[in-house]
Amino acid sequence: MRFAARSDVGRIRSKNDDSAYAGRHLAIVADGMGGHAGGDVASAATVLDMIHLDRGDYDGDAATVLADEIQTANSLLSELVHQNPKLAGMGTTVTALLLAEGKLHFAHIGDSRAYRLRDGEFKQVSVDHTFVQRLIDEGRLKPEEAESHPHKNVLMRVLGDVDASPELDLDTLDVRPGDRWLLCSDGLNYVAGHAVERTIKETKDLHECVETLVDLTLEAGSPDNVTVVMVEIVEETPDDVSTAAVDVIPSTGAASAAARGASISMSQKESATLEAAVRNARAKDATGSGSPKDSLAKEEASVGGNPPGAASQGNEPKENEDSGSVEPGSTDPHLGEHLSAEVLREELASRPHELVGAAAAAAESGSIPTVAGRTVARRAATLLTHKAEQPGTDTEDTLVPLKPRRWVTWSIAAAVLAVLTVGLWLGYAWTQTRYYVGEFDSRVAIYNGVSQRLGPIQLSSLEAVTDIRMDSLPPFSQQRVRQTVPANDLYDAQRIVKNLELTGTTSPEEECATPSPSPGASTPAPTEPASPAPSPDASAAPAGSSPSPSPTVTCEAAR
């Protein structure tokens, strides 16, 4: 990739929260947020943590490595906030391109943008992860209304201490010589889209192109930081291989002055410390021994809260004056800062690149955001050997906390599912202890269960069908049966059916209730004396048989 980059603080902001890196295989734009708290720290830490990916020797896993490194950078931001609570709420967007294996691997989160110019067609490849873009996708807002929407800057997805595993937009794209890519922060949105497209199409020189785009933004008022990276895909030539590294470009004049006033190169003692730490790291990696706690006597200190232009003073490590080596078990609290800065400078000097924005200021001043728990030696060895962190080292240390969370999540989900299953089963079992009287095929029937449905599941089954026809019942009783008559158990349901058969109602009569306990004894006793009784009282039979004997006789006859 041929490349050019520029970043500017803009007309209104007091500091630059944007960071960007461009090299032969890697291009990144990060737009930090969090205001005064640490937007510059978030973007600088993310970009500087990923620059070691600028290489082409991947073994078929470049896309996976790119995604994993962004997730690792997200964990780094969470750890920085944990060590320095003043940085809470900081975050950053990331839009990255990695050229490897003859493909262009794309990763994106936030509202920074990626555009591609191919065969004269200028197209936006990235999708903004903003509240306004979601409204547009749902058809609730027109694209032309987005720029004036009061919530146009509200982000839905971002790296930071908000989400432990944020969702990234990932893609693997084919490449053609002559393709041009534009990566930019949202500060470029203040320039009209047609002006951006015309500039990229008509300006052949990449450096002139980025200068023009930033100048157009400044002319438009530039209320926000603006960062532009231009990349062009070309066939590699011997000149590209031997190209000298591009000098680090500071983001602000103040940072440059502070960097010039401070000592950029380390002293001989610090260099000796660096070499010793790297040798120890390589020895550890070769033998496979050591843990994060005993790799070095002391881990890196968090300096994420330092301003970009502040260089550390008076922090040389304690050494043995006779031998010139670091005393065993004794380290300077600022050793991590010195070591990271020097290793980073060696890393940047080893390849052509452009580093701009807050990341460039941090690299010049030496105020590199570091994290206790990432051992100095391991990180130094990683950068010097140009290798991504292997499983079992820093990546493992960073991602281990996620595994218990996933395990706990799955356990909670399984427990909730088990409770729901047991609850549903117990509820269904209870329904099968209930009975009710209803209608089946125009006859009175007894059902087991309750007269309800649970979706497609019927919670009752037919228990028995009687010989009582529905049309033989009074209208009121027919209505009651069609609406179902609940019963406590099977005996209660049979009692209700017997009442319907005898009286036509679901409730028993007073007279029918008394003889029911002794049906065997009462039936034969009255039949014997009942035969001579009608002969002497034949004249009184019509009057006496109507009021009292009719329910009793009917109940007894039915029995």
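For the structure itself, look to the data block above.
Procedures and definitions
- Residues numbered from 1 in each chain as written.
- Predicted model: local features only at pLDDT ≥ 70, side-chain atom pairs only at ≥ 80, totals over all residues.
- Heavy atoms only, no water.
- Buried < 20%, exposed > 50% of the residue type's maximum accessible area, 1.4 Å probe, protein only.
- Helix = DSSP H or I, 4+ residues; strand = E, 2+ residues; numbered from the N terminus.
- Pairing = 2+ DSSP bridges.
- Core = buried A, V, L, I, M, F, W, Y, C linked by side-chain atoms within 4.5 Å.
- Contact = heavy atoms within 4.5 Å.
- Patch = residues over 30% accessible without salt bridge, like charges linked within 9 Å, V, L, I, M, F, W, Y side chains within 5 Å.
- Areas by Shrake-Rupley, 256 points an atom, 1.4 Å probe, with all protein chains shown as cover.
- Salt bridge = Lys/Arg side-chain N within 4 Å of Asp/Glu carboxyl O.
- Axes fitted to C-alpha atoms, helices over the stretch in contact; angles between N-to-C directions.

### Some thoughts on the pairing of strand β5 (residues 94-100)
Judged by how many residues are buried, β5 sits mostly within the fold: seven of seven residues are covered. What you see with β5 is no split at all: V94, A96, L98 and A100 on one side and T95, L97 and L99 on the other are buried throughout. Judged from the four bridges that link them, strand β3 (residues 26-33) and β5 form a sheet pairing that is antiparallel. Residue pairing across strands places L26 opposite L98, the latter belonging to β5. Pairing analysis gives seven bridges linking β5 to strand β6 (residues 103-109), with the strands arranged antiparallel. Bridge pairing in β6 places V94 opposite I109. Here β5 folds back onto β6 in antiparallel fashion, the turn holding two residues, of which E101 has a positive phi close to 60 degrees.

### A word on the nonpolar core
V47, L66, I70, L80, M90 and L355 are the most contacted members of the largest nonpolar core, which totals 43 residues. Elements that contribute at least two residues to this core include exactly β3, α1 (39-50), α2 (62-83), β5, β6, α9 (335-349) and α10 (358-365). It is α2 that contributes the most residues to this core, nine residues altogether. Each residue touching L66, except ones within four places of it in the same chain, is listed here: M50, L53, A96, L98, H105, F106 and A107. Judged by nonpolar contacts, the second largest core, of 20 residues, contains F122, I200, C209 and V226.

### With respect to a nonpolar patch on the surface
Taken together, the side chains of W407, V408, I412, V416 and L420 make up a nonpolar region of the molecular surface, amounting to roughly 520 Å² of accessible area. For W407, the position within the fold is in helix α13 (residues 402-431).

### Structural notes on the pairing of strand β7 (residues 113-118)
Of all six residues that make up β7, six are buried, and the element is covered over most of its length. Side chains R113, Y115 and L117 project from β7 onto one buried face, and the interleaved A114, R116 and R118 project onto a second face that is buried too. Across five bridges, β7 lies against strand β11 (residues 180-184) in antiparallel orientation. By the bridge assignment for β11, A114 is matched with L183. Where β7 meets strand β8 (residues 121-124), four bridges bridge the pair, whose relative direction is antiparallel. Residue pairing in the sheet places L117 in a bridge with F122 of β8. Hairpin connection from β7 to β8: two residues lie between these consecutive antiparallel strands, with D119 at a positive phi of about 55 degrees.

### Re the pattern of salt bridges
Within this structure, the stated rule accounts for 21 salt bridges. Here D215 makes a salt bridge to R6, at a shortest N to O gap of 3.1 Å. Taken together, the residues span a long stretch of sequence, with D215 in helix α5 (residues 206-219) and R6 in strand β1 (residues 2-8) at a distance of 209 residues. Since its relative accessible area comes to 35%, D215 is described here as partly exposed. You can call R6 buried: its relative accessible area is 16%.

### Let's talk about the sheet that holds β8
With antiparallel pairing, five strands are arranged side by side in an open sheet as β1-β12-β11-β7-β8. Either end of the sheet is taken by a strand with one partner, and the two such strands are β1 and β8. Put simply, the sheet's adjacent strands are angled 15 degrees from each other on average, direction ignored. This element, helix α4 (residues 193-202), spans β7, β8, β11 and β12 (226-232) of the sheet and lies at about 130 degrees to β8.

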